[in-house]
2 protein chains.
Amino acid sequence: MVALMNATPPSPRTRVRRVPRRARYDHDSLHRVLDAGYVAHVAFAIENQPYCIPMAYVRLADHVYLHGATSSRLVEALAAGLPACLTTTLLDGLVLARSAFHHSMNYRSAVCLGRLRLLDDPDEKARALDALVERMVAGRAAEVRAPSAQELKATAVLALALEEASVKIRTGDPIDDEADLERPCWAGVLPLAAGFAAPAPSADLRPGLAPPSPARYLDRANRPGAA
Amino acid sequence: MVALMNATPPSPRTRVRRVPRRARYDHDSLHRVLDAGYVAHVAFAIENQPYCIPMAYVRLADHVYLHGATSSRLVEALAAGLPACLTTTLLDGLVLARSAFHHSMNYRSAVCLGRLRLLDDPDEKARALDALVERMVAGRAAEVRAPSAQELKATAVLALALEEASVKIRTGDPIDDEADLERPCWAGVLPLAAGFAAPAPSADLRPGLAPPSPARYLDRANRPGAA
């Protein structure tokens, strides 16, 4: 892979122009944002109509992997190698300023451009599918039944090389006009709750089986592909 | 507006084909999903390259409103009336099955097609901007400094009429193959945390000002446009 992520924008079309101080173009920033999300929005156009579809994904090294039913319109469109855009956004907080205008949100987003490639190689496909399960809970792939030949056939895996991307991050307090600071209204951030609630066992769960320990799904560093 | 949301798919291109039992096409379902989210992913194409950009939004009646800097590429592209797709996804949980293949996610998503319209009418624009602030905290628009003429000029507001859309929802337990039920591994849902953490006051906050009560931002029914 050509290492295009560095301290400068990788292409005119991924250069962030609005509030450029919030932009990042390095691999580490990109990987950290991608690794914190579970669902990406994938955009592609058919007959001039863009579609934007949520898909589970996982990053491994410098690729993002997606999967879908082999027979789906979505996979068919993406596997055709149309230009696509994969975006992940993590909403961290609502930013309440003293003026309506300066209200904002704290977020991390990654916008990746490219064409997706349908995986042919069974080993690469198996690795990506394992990683999608491992992304949920570290060590899970070894505990569950592996995909059968039929399931593998029914599942398409697509890869996007991370060659043209940008990251945008806003953190911290509202930035108010000096003249508004004396206004008697609260200002600050309402942080979105992070993490997980208590595991909910399946109604048909065999007795005596404990849920995965939180360390296996909360600790991002445990999973494959983590920066 | 033509009421196209009903019990049947509004158009061939928004008919959900994968797992159609998870699809909804009625107004109430659409409004409920849109009203639960803060950020939508908006897709549009420029010179055959799709872009997918996260944007704050609010729904009022049968329109979704977005805003951006008047001078931005994004607003310029959307205001030109290109075909667009606005998608909101709420991830509710990771669904852990006994087989890799049946791992899934619980989610609610709304996919809306259409062309955006740049608001000219100052009253409609003011209402939408108020609603974007009210969406964060009910009653907030009256507490903060209203937009100045210059701020209004710098802010573009775009509207998408909800005329062609679909909703997809997955809830509940994993659905395992009968033969896998005896497998000795935990199965169930890891629910994503919902709601908010404790408010974080701005470093420059005047003393003696209390944060908004949780009822003002947790209770969805408080805000304009709620179904």
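Our focus in this paragraph is the side chain of B:Glu151. Of note, B:Glu151 is situated in helix H5 (residues 149–154). Residues within four places of B:Glu151 in sequence aside, it is in contact with A:Phe101, A:Asp177, B:Arg145 and B:Ala146.

Bringing the interface of chain B and chain A into the picture now. When the parts of a complex come together, some accessible area is lost, and that lost area is often used as the size of the interface. Contacts between the two partners involve 88 residues from chain B, matched on the other side by 87 residues from chain A. Across the chain B to chain A interface the summed buried area is about 7,900 Å²; carbon plus sulfur atoms make up 62%. On inspection of chain B and its partner chain A, the count reaches six salt bridges. Notably, a salt bridge pairs B:Arg145 with A:Asp177, separated by 3.3 Å at the nearest N-O pair. The dominant element in the side of chain B that touches chain A, judged by the number of residues it contributes, is strand E5 (residues 83–96) of chain B, at nine residues. Looking at the side of chain B that touches chain A, its residues break down into 56 nonpolar, 15 polar and 17 charged.

Attention now goes to the environment of B:Gly172. Residues and elements named next belong to chain B. With respect to the helices, strands and loops of the structure, glycine 172 is situated in the loop between strand E9 (164–170) and strand E10 (188–191). For glycine 172, a relative accessible area of 32% puts it in the partly exposed group. Sequence separation between glycine 172 and threonine 88 is 84 residues; the distance between their C-alpha atoms is 20 Å. Residues within four places of glycine 172 in sequence aside, it is in contact with Val95, Asn106 and Val189.

Before going further, it helps to spend a moment on unusual backbone geometry. Residue and element names in this part refer to chain A. Backbone geometry places alanine 61, a non-glycine residue, at a positive phi of 50°. Tracing the backbone through its elements, the reader meets alanine 61 in the loop between strand E3 (49–60) and strand E4 (63–69). A relative accessible area of 52% places alanine 61 in the exposed class.

The next point concerns the packing of aromatic side chains. Residues and elements named next belong to chain A. The final tally for this structure, using the stated rule, is six aromatic pairs over all chains. Ring centres 5.9 Å apart and planes at 25° place the aromatic pair phenylalanine 44 and tyrosine 51 in the stacked group. With respect to burial, phenylalanine 44 and tyrosine 51 carry one shared label: buried. With a centroid separation of 5.0 Å and 85° between ring planes, the pair formed by phenylalanine 196 and tyrosine 217 is classed as edge-to-face. Placement of phenylalanine 196 in the loop between strand E10 (188–191) and strand E11 (200–201) and of tyrosine 217 in helix H6 (residues 215–218) is noted, with a sequence separation of 21 residues between them. Overall, phenylalanine 196 belongs to the buried group, its relative accessible area being 17%.

Residues and elements named next belong to chain A. Taken residue by residue, chain A gives an average pLDDT of 90. The fraction at 70 or more is 92%. Predicted confidence in chain A is weakest over strand E1 (residues 23–24), with a mean pLDDT of 78, and strongest over E11, with 98. Note on residues 1–7: pLDDT is under 50 here. Beyond four places in sequence and across chains, it has 18 contacts. Below a pLDDT of 50 lies the segment residues 221–227, which in the model reaches 22 contacts outside its immediate sequence neighbourhood of four places, other chains included.

Rotating chain B by 180° and translating it 0.0 Å along the rotation axis places it on chain A, where the RMSD comes to 0.0 Å. This pairing of chains is accounted for by a two-fold axis. Both copies contact each other with a shared surface, as 99% of the interface residues of chain B are interface residues in chain A too.

Turning to the environment of A:Pro12, a few remarks are in order. Relative to the elements of secondary structure, A:Pro12 occurs in the segment before E1. In this structure A:Pro12 comes out as exposed when scored by relative accessible area, which is 63%. Discounting residues that sit within four places of it in the chain, A:Pro12 has contacts with A:Arg17 and B:Arg73.

We now examine the pattern of salt bridges. All names here are of chain A. Evaluated as defined, the whole model comprises 20 salt bridges over all chains. Residues arginine 108 and aspartate 92 are paired through a salt bridge, measuring 2.7 Å at the closest nitrogen-oxygen approach. Residue arginine 108 is found in strand E6 (residues 104–115), and its partner aspartate 92 is found in strand E5 (residues 83–96); the two are separated by 16 residues along the sequence. For arginine 108, a relative accessible area of 27% translates into the label partly exposed.

On to the environment of A:Ala156. Residue and element names in this part refer to chain A. Structurally, alanine 156 is set in strand E8 (residues 155–161). On a C-alpha basis, the gap between alanine 156 and histidine 27 in space is 27 Å, while along the polypeptide they are 129 residues apart. Aside from chain neighbours lying at most four places away, what touches alanine 156 is Leu66, His67, Gly68, Thr70, Val75 and Leu118.

What counts and how
- Residues numbered from 1 in each chain as written.
- Chains lettered and ligands numbered in written order.
- Predicted model: local features only at pLDDT ≥ 70, side-chain atom pairs only at ≥ 80, totals over all residues.
- Heavy atoms only, no water.
- Helix = DSSP H or I, 4+ residues; strand = E, 2+ residues; numbered from the N terminus.
- Contact = heavy atoms within 4.5 Å.
- Buried area = accessible area lost by both parts, 1.4 Å probe.
- Salt bridge = Lys/Arg side-chain N within 4 Å of Asp/Glu carboxyl O.
- Nonpolar A, V, L, I, M, F, W, Y, C, P; charged D, E, K, R; others polar.
- Buried < 20%, exposed > 50% of the residue type's maximum accessible area, 1.4 Å probe, protein only.
- Phe/Tyr/Trp six-rings, centres within 6.5 Å; stacked < 30°, edge-to-face > 60°.
- pLDDT = per-residue confidence, 0-100.
- Least-squares fit on C-alpha atoms with pLDDT ≥ 70 in both.

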